[in-house]
Structures are given as C-alpha cells and as structure tokens.
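Each chain, written out:
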Amino acid sequence: MIAPSADAGSPIYPEDQLFTLRNADGMRVTISERGAALVSWWTPDRYGRYADVVLGYADPADYRDNQVYLGAVVGRWANRIARGRFLLDGEPVQTVVNDRGNHLHGGPQGFHALRWRGEACEDEVLLRLVSPAGAAGFPGKVEVQVRYRLGDDGTLSIDYEAVTDAPTPMNLTAHPYFNLNGGGADVGDHMLQIEADHYLETDATGIPLGVASVSGTPFDFRRPAAIGARLCWPDEQLRQANGFDHCYCIRGRAAGRGGALSAVARVVDPGSGRCLQVSTTEAGLQFYSGNYLGGVRGRSVRPYARHDGFCLEAGAFPDQLNSEHAAAVILRPGQVYRQTTIYRITLA
C-alpha cells in the first residue's frame, strides 16, 4: 500500500513531498523527493518490537543540506573520480572537486541535493529527475528515474534507469546508513559477509591503487565477521580511511561490468535478530563503516557517533573512468542505463 505520509506538504518546504510504503507484515518505509532519499525503514525484531533501522534527520528540511548523504540516491557519478578529471572520447572533462581534491558523489549539488518529482504508482514510488548538460561539469542532459517497491517478503527493490542526449558517465547508487539494532548501540557487533575475494586498495584520498586479495586482511568477510572487531585490526588501509571505505570486487562479475541480479552481502545483528541481505546487478560494492558520522544531528536524542551506521553501496568501481574499463560506464544516446539493487530485511 502506498500513500503520501503525514509529513507530506510540510509548511516549511511544501514542495518536498514524502511517500510511505507499507507491506502486509506492518513494515514501512518512507521516501523523500529530496535526493530520492530513503528516510526511514520500520521493521520488527525477533520479539515483534518495531524500530527504524535507517539513519536519518529529524526535520525533512535537513535533507536539503545532506553532507553525509543520509539515505540519498547519489549521482551522476557515485563514488570518486581522481582530481575530477577523465577523458571522454579523447577529450578531457573536468568535473567539480569536493573531497580532498577529487570528485565525490556528483559534487555538492549532485542528485542527493536535488528535488526529484515523485508520484505514487500502485504499490511503488517513482521519482524522476532531469540533470542539464554541464551540471557539475558533466556533459549531456540526462533523464533519470528511480523506482522503490516494498514487498511482503521484506524486500525493498530500487530500480534505476537513465537516458542521455550526449555521451556521459553514469553510475548511480543508494546511500542508506543501516543500524539493525535500531540505534540502541553502534554497529560493531553486526556480523558482515561479502561475496568477494578481492577489494580495491586506496591512497590517502580514497582513489584506488589496485586490486588486492582479502586473504589474511581485515577485509576478508567471506565468512561472517563482526564489524567492530575488524575495525580494531592494525592495518594501514583502515588507518588512513578512519575505518572501512573500500570497494569490493563481487565474485563472478566481469571487471568493471554488472551482471545478473544476485545476493552479494549479508549482515546480521545478533541482538535484534534482524538480517539484511543485499542483492545487485553491479560489479562493485562499497562498504563504508560510517567513519565520519560523528556530530551529525539525526533523529537520535544525541548526535550520531562514528560507526553508528554502515553503508553497502552497489555500483561501478571508484575512478573507473580513469581505468581500462572506462567504456563500460559511459552512457550514450540511444542506450538505457539500468541498475537494480535490493535490500531485504528478515529475521535470522
């Protein structure tokens, strides 16, 4: 069932409408037109007690200055581009830089900061956005749509499509911060598993240096392991990133390209019994351990602290535009960019 939420038509920012989806088991999610953001996701624990497992702001207006991308859809390029530069058909392109001299998540006025046009369509929310040529330095006008659907089996499907009138990079992802205990503690005891044998090592600014094996490192989540324990490992990659902020190369996917929809990650909170499963068509999965959440004022009584939430962002590889796989992430006229990521919450 779908309907505008009680917050729709806020007198502060009446144009930023909120939509709420509900399923047969009482689970509900709320989505904002601002940044096409997943604002909240209420789901029961093993005792039937409901809690919001997504970090968010108390005031819907705060999504207009969402510097940590809480819940938002990010683009037109998710993740980083070294120095904001790349070649497109032999011509240099310079995009805005907003993270240690690099481009990150579409820039300050990326898709996360814009108002999308939302509508209720039966049991789903459809949001549309037009990004003009030259936005953040990217060529080509693009038309994007994102479709959210909540199933009775606890699946939240996010389907992306985009078209362009000129060649342009396209890489979209969702940026929800999850805390499966509902915010009663940080995510240190969450048990994470990722279907990947390799990850991308990065320099001090988050730009990939190369592919590395997870074997013998804190990045090995091929078997479930507690996030907090791994954060304590003495590892230079963790030290320079202040935690995990690295892209995993999903097993069985061609380098730099997506594929069929399949499960790629699983997280279990032992206390609540909630289990999050992530499925995607994408080749990369960025695991971010909320390293810079400290001081962010959200819905909690206290400001958020470091590691109060985690992100699993499906997409292309960071700085792929400056790699041998750049052609795979260029959208051209007549083509349709498609991406699907599904988050499913059940009880373990």
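- Per an unreviewed UniProt entry, the protein chain carries the name Aldose 1-epimerase and comes from Rugamonas rivuli.

## Points about the overall build of the protein chain
Stage number 1. Tallying secondary structure elements over the protein chain gives 2 helices and 27 strands in all.
Stage number 2. A compact globule built from 348 residues would reach a C-alpha radius of gyration of about 20 Å, and the protein chain, at 19 Å, matches this within 12%.
Stage number 3. C-alpha atoms of the protein chain, sized along the principal axes, occupy 60 × 50 × 35 Å.
Stage number 4. The buried share of the protein chain, taken over its 348 residues, is 57%.
Stage number 5. In the protein chain, 64% of the contacts between residues at least 6 apart in sequence involve partners at least 24 apart.
Stage number 6. When the accessible area of the protein chain is evaluated, it comes to approximately 13,900 Å², of which 50% is carbon and sulfur surface.
Stage number 7. One finds the centroid of the 33 positive side-chain charges in the protein chain at a distance of 1 Å from the centroid of its 39 negative side-chain charges.

## Description of the nonpolar core
Stage number 1. Counting residues in each nonpolar core, the largest one holds 59 residues, and the members touching the most others are Trp41, Tyr148, Tyr248 and Phe287.
Stage number 2. Broken down by element, this core gets its largest block of residues, 5 residues, from strand S13 (residues 142–150).
Stage number 3. Other than its neighbours up to four places away in sequence, Trp41 contacts Met27, Arg28, Val29, Ala51, Asp52, Val53, Val54, Gly154, Leu156, Phe178, Tyr343 and Ile345.
Stage number 4. Judged by nonpolar contacts, the second largest core, of 15 residues, contains Leu18, Tyr177, Tyr288 and Tyr304.

## Concerning the sheet that holds strand S18 (residues 196–202)
Stage number 1. Strand order across the open sheet formed by 5 strands is S19-S18-S21-S24-S25, with antiparallel pairing between neighbours. On the outer flanks of this sheet lie strand S19 (208–213) and strand S25 (311–315), each paired with one strand and no other. Between one strand axis and the next, the sheet turns through 30° on average, direction left out of account.

## What to know about the environment of Tyr288
Stage number 1. Along the polypeptide, Tyr288 turns up in strand S24 (residues 284–288).
Stage number 2. Separated by 19 residues in the primary sequence, Tyr288 and His307 have C-alpha atoms spaced 9.1 Å apart.
Stage number 3. Excluding residues within four positions of it along the chain, Tyr288 makes contact with His175, Tyr177, Phe244, Asp245, Gly309, Phe310, Cys311 and Glu313.

## So, the pattern of salt bridges
Stage number 1. Applying the stated criterion to the full structure yields 20 salt bridges.
Stage number 2. Asp16 serves as the salt-bridge partner of Arg64, at 3.1 Å between the closest nitrogen and oxygen. With Arg64 in the loop between strand S5 (50–52) and strand S6 (73–74) and Asp16 in the loop between strand S1 (2–4) and strand S2 (18–22), the pair connects residues that are 48 residues apart, well separated along the chain.
Stage number 3. Across the pair Arg251 and Glu195 runs a salt bridge, and its minimum N-O distance is 2.7 Å. With Arg251 in the loop between strand S21 (245–250) and strand S22 (262–268) and Glu195 in the loop between strand S17 (191–194) and S18, this pair connects stretches of sequence that are 56 residues apart.
Stage number 4. Sharing partners across several salt bridges, the network here consists of Glu195, Asp197, Asp220, Arg222 and Arg251.

Reading the values: rules and limits
- Residues numbered from 1 in each chain as written.
- Predicted model: local features only at pLDDT ≥ 70, side-chain atom pairs only at ≥ 80, totals over all residues.
- Heavy atoms only, no water.
- Helix = DSSP H or I, 4+ residues; strand = E, 2+ residues; numbered from the N terminus.
- Rg over C-alpha atoms; globule rule 2.2 N^0.38 Å.
- Buried < 20%, exposed > 50% of the residue type's maximum accessible area, 1.4 Å probe, protein only.
- Contact = heavy atoms within 4.5 Å.
- Areas by Shrake-Rupley, 256 points an atom, 1.4 Å probe, with all protein chains shown as cover.
- Lys, Arg positive; Asp, Glu negative; His and termini not counted.
- Charge placed at Lys NZ, Arg CZ, Asp CG, Glu CD.
- Core = buried A, V, L, I, M, F, W, Y, C linked by side-chain atoms within 4.5 Å.
- Pairing = 2+ DSSP bridges.
- Axes fitted to C-alpha atoms, helices over the stretch in contact; angles between N-to-C directions.
- Salt bridge = Lys/Arg side-chain N within 4 Å of Asp/Glu carboxyl O.

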